[in-house]
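Residue-level listing of the chains:
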Amino acid sequence: MNIPLTAQSNPGKPEKFDVKAFALELRQDIEQNRIRLPTLPTLSLEALLVVNDAASNMTDIGKIIGKDTSMATRLVRYANSPLYGGVHKVTSVKGAVIRIGVNAVRSAILNLAMHDVFTTHHTLIQDRMEGLWKHSVAVAIRAVLLASYFKQLDRGEAMLAGLIHDVGIIPVLIKASEYSVLLEKESNLDKLVSHLHMTLGKFILSFWNFEPFLIEVAGSHDNLDRDSLGGDVDYLDIIQVANVLSYDGTDHPYTQLDLSEIPVFKKLGIDLIEEVRQKMAAGEYESELTIALQ
Ligand SMILES: [Fe+2]
Ligand SMILES: [Fe+2]
């Protein structure tokens, strides 16, 4: 199906990209199952079923994860990362599950499955997908650091929230790969992404049956006007901050913001944010967590 991407064909006038038409078609594609949403790898889904089954025990969980050698190796590495690392290294899946704890194995599996979701066979968008994955990891690491200051927040969940916050960009990129005009003019694609990705992110995570707090992260993280001052610091708060901080040292518009004017930065406090910046500059966690997610 074609959409009027170049609705005006007036000679001499630059072709105009019709953002509304693109958005409408993308929505229809999704509603009518014409676009393939990112999917979680089959084995991860199976593992999640076992983890979610209250009757499962450590042995069941270890067995299902052990079926996938790559997942098993990565889970052991993850259990030894600064997220859970203890004095002694664990060397088996069972040891890893025990160290992570049954409650956190779910987020561990999802964190480890996420890289596959950001991998594409569409060559035209591979660079952007890779860039998106790197950005998501950068946000996830900052989220882990931020979460470590708040006892109500779990670092594995914070990492997951960081990894999925921009997942709604994926279908936009996939759809855009059909239109060379979009890929040639980055600014058009950027506009589309910022216009659509939060709505799509909510949609994907609902489709994956993710918990409401993660859906909220995907759906609202760029709404920096959000009044977040009341209540305890939550995952949306730390992802908003982690996302802004991830652009430090770039020319992204977020670096021009006056942070003291943004409610969520007031809520966390500028001192804490400076401390996290310093920890990032010192390379805390960064290489170990990046490796753990590969
Ligand atoms: Fe975003
Ligand atoms: Fe982001």
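Model, not experiment: these values are computed from the prediction. (Residues numbered from 1 in each chain as written. Chains lettered and ligands numbered in written order. Predicted model: local features only at pLDDT ≥ 70, side-chain atom pairs only at ≥ 80, totals over all residues.)

Just to check I follow, could you spell out the overall build of the protein for this structure?
Summing up its helical and strand segments, the protein has 16 helices and 0 strands in all. Its C-alpha atoms give the protein a radius of gyration of 20 Å, near enough to 19 Å, the size a compact globule of 294 residues would have. In terms of overall dimensions, the protein has a C-alpha envelope of 70 × 45 × 30 Å along the principal axes. Residues classed as buried in the protein amount to 38% of the 294 residues present. Restricting the contact set of the protein to residue pairs at least 6 apart, pairs at least 24 apart contribute 63%. (Helix = DSSP H or I, 4+ residues; strand = E, 2+ residues; numbered from the N terminus. Rg over C-alpha atoms; globule rule 2.2 N^0.38 Å. Buried ≥ 20, exposed ≤ 12 C-beta atoms within 10 Å, placed from the backbone. Contact = placed C-beta atoms within 7 Å.)

Is there a simple way to think about unusual backbone geometry in this case?
Negative phi is the rule for most residues except glycine; trans is the rule for most peptide bonds. Its identity is not glycine, yet asparagine 209 carries a phi of approximately 65°, on the positive side. Among the secondary structure elements, asparagine 209 is positioned in the loop between helix 11 (186–207) and helix 12 (212–220). Asparagine 209 sits in the exposed class, given 9 other C-beta atoms within 10 Å.

Whenever I open this one, the packing of helix 6 (residues 102–117) against helix 8 (residues 155–164) confuses me. Can you help?
The packing of two helices is summarised by the inter-axis angle and the distance between the axes. Direction vectors running N to C along helix 6 and helix 8 enclose 30°, while the axes themselves pass 9 Å from each other. Taken together, the axes of helix 6 and helix 8 are roughly parallel relative to one another. Helix 8 is crossed by helix 6, and the crossing has left-handed handedness. Touching Ala104, Ser107, Ala108, Leu110, Asn111 and Met114 of helix 6 are Gly156, Glu157, Met159, Leu160, Leu163 and Ile164, all from helix 8. When the residues that make up the contact of helix 6 with helix 8 are grouped by side-chain class, the tally is 8 nonpolar, 3 polar and 1 charged. (Axes fitted to C-alpha atoms, helices over the stretch in contact; angles between N-to-C directions. Parallel < 35°, antiparallel > 145°, perpendicular 65-115°, else oblique. Left-handed = near helix turned anticlockwise from the far one by under 90°. Nonpolar A, V, L, I, M, F, W, Y, C, P; charged D, E, K, R; others polar.)

Just to check I follow, could you spell out the packing of helix 2 (residues 42–52) against helix 6 for this structure?
Contact geometry of helix 2 with helix 6 gives a least axis separation of 10 Å together with a crossing angle of 175°. Here helix 2 lies roughly antiparallel to helix 6, going by the angle between them. When helix 2 is examined against helix 6, the residues Ser44, Ala47, Leu48 and Val51 are found in contact with a partner set consisting of Val105, Arg106, Ile109 and Ala113. Looking at side-chain class alone, the contact of helix 2 with helix 6 contains 6 nonpolar, 1 polar and 1 charged residues.

What is the right way to look at helix 11 in this model?
An α-helix turns once per 3.6 residues; consequently, residues spaced three or four apart project the same way. Along helix 11, the sharpest change in direction is near 45° and occurs at histidine 197. Within helix 11 the residues assigned to the buried category are Leu189, Leu192, Leu196, His197, Met198, Leu200, Gly201, Lys202, Phe203, Ile204 and Leu205. Residues of helix 11 that are buried make contact with helix 1 (19–31), helix 8, helix 9 (169–176), helix 10 (180–184) and helix 12. The positive-phi residue at the C-terminal boundary of helix 11 is asparagine 209, with phi of around 65°. (Bend = angle between axes of the 7 residues up to and from the residue.)

Could you clarify how one ought to interpret the nonpolar core in this entry?
Soluble, globular proteins show a tendency: their nonpolar side chains are buried together. If you look at the biggest cluster of nonpolar residues, it comprises 82 residues, and the most contacted ones within it are Leu75, Ala143, Val144 and Ile238. Those residues in contact with valine 144 that sit more than four places away from it in its chain are Leu83, Arg155, Ala158, Met159, Tyr285 and Leu289. (Core = buried A, V, L, I, M, F, W, Y, C linked by C-beta atoms within 7 Å.)

Explain the confidence of the model for the protein here, please?
Parts of the prediction with low pLDDT should not have their coordinates interpreted in detail. Of all residues in the protein, 94% attain a pLDDT of 70 or more, and the chain-wide mean is 86. pLDDT under 50 marks residues 1–14. Its contacts with residues more than four places away, or in other chains, come to 17 contacts. (pLDDT = per-residue confidence, 0-100.)

Would you explain the environment of serine 260 in this entry?
You can see serine 260 is positioned in the loop between helix 13 (235–245) and helix 14 (263–268). The class of serine 260 is exposed, set by 8 C-beta atoms lying within 10 Å. Spatially, the C-alpha atoms of serine 260 and glutamine 32 are 44 Å apart, while their sequence positions differ by 228 residues. What serine 260 contacts, discounting residues up to four positions off in sequence, is Phe265 and Ile270.

Sorry, what's going on with the environment of glutamate 186 here?
Relative to the elements of secondary structure, glutamate 186 occurs in helix 11. With 10 C-beta atoms packed within 10 Å, glutamate 186 lands in the exposed category. With 94 residues separating them along the chain, glutamate 186 and methionine 280 place their C-alpha atoms 29 Å apart.

Looking at this model, I keep getting lost on the environment of valine 137. Mind explaining?
Relative to the helices and strands, valine 137 is located in helix 7 (residues 126–147). Taking the number of C-beta atoms within 10 Å as the measure of exposure, valine 137 has 22 and is therefore buried.

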